[in-house]
Structures are given as C-alpha cells and as structure tokens.
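Listed below are the residues making up each chain.
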Amino acid sequence: MNFKRIGVSLMLLLMSQLNYGQKLEYGGMLNIERTTLSIPNGTTTIYSNGSYSEGADRTGFETNFGIGFYGNYTIKDNVLSVGCELFFDNTSSKEINVSFQAINIIPYVDVVPFSNFHFSLGVGTGVMLNSPTFENSSYKSKSNDFIAKASIGYRVKNFCIIEIGMYPPVTSVVEGYLNRD
C-alpha cells in the first residue's frame, strides 16, 4: 500500500472540502408558529383553469414553537441553493382539545432574486410522535403526513436568517377529519 499517495489524496480531499465550506451553511432554527387544525366542510371550489380545492373550517389559532436544524448548500452564489430543515413542532388549536407533535423533514429550494432576500419552496413529511384519541373511534391519526414550505426570507449577513412563511398541509393527519395548518 502506498501510504504517501493515500495521505496526499486525503489532504486534497480535505482541502476541497474547505473550498466547499463557504457554500455549505447549517445551523439551528427557532420557529414561532400560529397553528390550527382544519376540518373539511364538504364544499368544493372549481376554478376556471379546471383545478379545484376542497373547503375546510379552521378551529382557532394558537401560538406554538418549533425547534430544529437546517442545512443549505449554495449551487450558484446569490442565485440558487438547496437545503433541508429538520425540526420538532406542536400543532394545536383553540376549539379542539387535540394536539399533534411531529418531527418534520422538508427539503427545499431557495431562489435569491435580490441581494440578501430569498424565496423558499419545498415539500416534506412530518412523522407524528403522538396519536390522540377521538370520541368517534373511527377517526385514527396517521403516523405521518406531507407538508409543504413556502417562505420569504432576509439574510442578516454573518448573523441570522429571518423568514416569514407557512407550512400548508398536503395530506390529512386524520383522514377525512383533520389537517395540520
């Protein structure tokens, strides 16, 4: 075995990783969330382009917190990056005495149209950590659901990123009964 060649290869690999270090960003995240649960109300809205949406009633917003980590890899400086969020959150509402705790993982794409401003879009999954019981025993909560991410952010250089956004549901957490909003 040629240890010198392996050593040089490892050194080159480490040096190349240092070059990528400026493109890789990671850190902690703290979310202040206004959450609610929504109940489908049986109405359907049909749009002129042929798409449709099903109506739902929200059950009162509550303030909750989420905590986790994010990682972001810059593909093209000040233009495009990809990232992933991994965070814990609690979804509850004022009118229904039920809450869902979940660990969410959401891959996303960041587009930077202006210096320090970015738009993020992504879709991920939430793994439920609890399974609330309901008076109607036919309602069973799922072990996971799919959620999206849409946000606008501002980068405070070398300090933090401030985002305003939403995590709308893609699927129901309790089929035919509840969505996390």
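Residues numbered from 1 in each chain as written. Predicted model: local features only at pLDDT ≥ 70, side-chain atom pairs only at ≥ 80, totals over all residues. Heavy atoms only, no water.

This part is about the pattern of salt bridges. For the structure shown, the criterion picks out 6 salt bridges. Residue Lys 142 is joined to Glu 175 by a salt bridge in which the shortest nitrogen-to-oxygen separation is 2.8 Å. Pair noted here: Lys 142 is in the loop between β7 (117-128) and β8 (144-156) and Glu 175 is in the loop between β9 (160-166) and β10 (179-180), with a separation of 33 residues, a long-range link. Looking at Glu 175, the relative accessible area reads 55%, which means it is exposed. Between Asp 145 and Arg 180 there is a salt bridge whose closest N-O contact spans 3.1 Å. One end of the pair, Asp 145, is in strand β8; the other, Arg 180, is in strand β10, and 35 residues separate them in sequence. In this structure Asp 145 comes out as buried when scored by relative accessible area, which is 1%. A network of salt bridges, in which partner residues are shared, links Glu 85, Lys 149 and Glu 163. (Salt bridge = Lys/Arg side-chain N within 4 Å of Asp/Glu carboxyl O. Helix = DSSP H or I, 4+ residues; strand = E, 2+ residues; numbered from the N terminus. Buried < 20%, exposed > 50% of the residue type's maximum accessible area, 1.4 Å probe, protein only.)

Right, let's talk about unusual backbone geometry for a bit. Among all residues save glycine, negative phi is the norm, and among peptide bonds the norm is trans. A positive phi is found at Asn 116, a non-glycine position, where the angle reads about 75°. Mapping Asn 116 onto the fold places it in the loop between β6 (99-114) and β7. For Asn 116, a relative accessible area of 26% translates into the label partly exposed.

By secondary structure assignment, the location of Ser 151 is in strand β8. Here the side chain of Ser 151 touches Glu 163 through a polar contact of 3.4 Å, side chain to side chain. Residues contacting Ser 151, with those up to four places away along its chain left out, are His 118, Phe 119, Ser 120, Glu 163, Ile 164 and Gly 165. (Polar contact = N/O pair within 3.5 Å; in protein donor to acceptor, adjacent residues only side chain to side chain. Contact = heavy atoms within 4.5 Å.)

Another point: the environment of Lys 23. With respect to the helices, strands and loops of the structure, Lys 23 is situated in the loop between α1 (3-21) and β1 (24-35). Distance from Lys 23 to Ser 81, taken between C-alpha atoms, is 9.0 Å for residues 58 residues apart in sequence. Those residues in contact with Lys 23, other than ones at most four positions away along the chain, are Asn 72, Tyr 73, Thr 74 and Ile 75.

Turning our eyes to something else, we now look at the environment of Ser 92. As for its placement among the helices and strands, Ser 92 is situated in strand β5 (residues 80-92). On the accessibility criterion, Ser 92 (6% relative accessible area) is buried. Separated by 33 residues in sequence, Ser 92 and Thr 59 have C-alpha atoms that sit 9.1 Å apart. Once residues lying within four places of it in the same chain are set aside, the contact partners of Ser 92 are Thr 35, Thr 36, Leu 37, Glu 62, Asn 64, Val 98 and Ser 99.

Before going further, it helps to examine the sheet that holds β1. Judged by pairing direction, the sheet is antiparallel, and its 7 strands sit side by side in the order β1-β4-β5-β6-β7-β8-β9 without closing on themselves. On the outer flanks of this sheet lie β1 and β9, each paired with one strand and no other. The sheet shows a mean angle of 25° between the axes of neighbouring strands, direction not considered. (Pairing = 2+ DSSP bridges. Axes fitted to C-alpha atoms, helices over the stretch in contact; angles between N-to-C directions.)

For the largest pocket, the calculated volume is near 1,200 Å³. Together, 46 residues line the largest pocket, and Glu 33, Gly 165, Met 166, Tyr 167 and Pro 168 are the ones closest to its centre. With 8 residues, β1 is the single largest residue contributor to the lining of the largest pocket. Lining of the second largest pocket is provided by 28 residues; of these, Glu 25, Thr 74, Asn 78, Arg 155 and Ile 161 occupy positions nearest its centre. For the lining of the second largest pocket, the secondary-structure elements that each account for two or more residues are β1, β4 (62-76), β5, β6, β7, β8 and β9. Along the lines of polarity and charge, the residues of the lining of the second largest pocket split into 11 nonpolar, 10 polar and 7 charged. (1 Å grid on protein atoms, 1.4 Å probe; cavity = no way out; pocket = protein on both sides within 12 Å on 5 of 7 lines; lining within 4 Å. Points joined across faces, edges and corners; volume = space filled by probe spheres on them. Nonpolar A, V, L, I, M, F, W, Y, C, P; charged D, E, K, R; others polar.)

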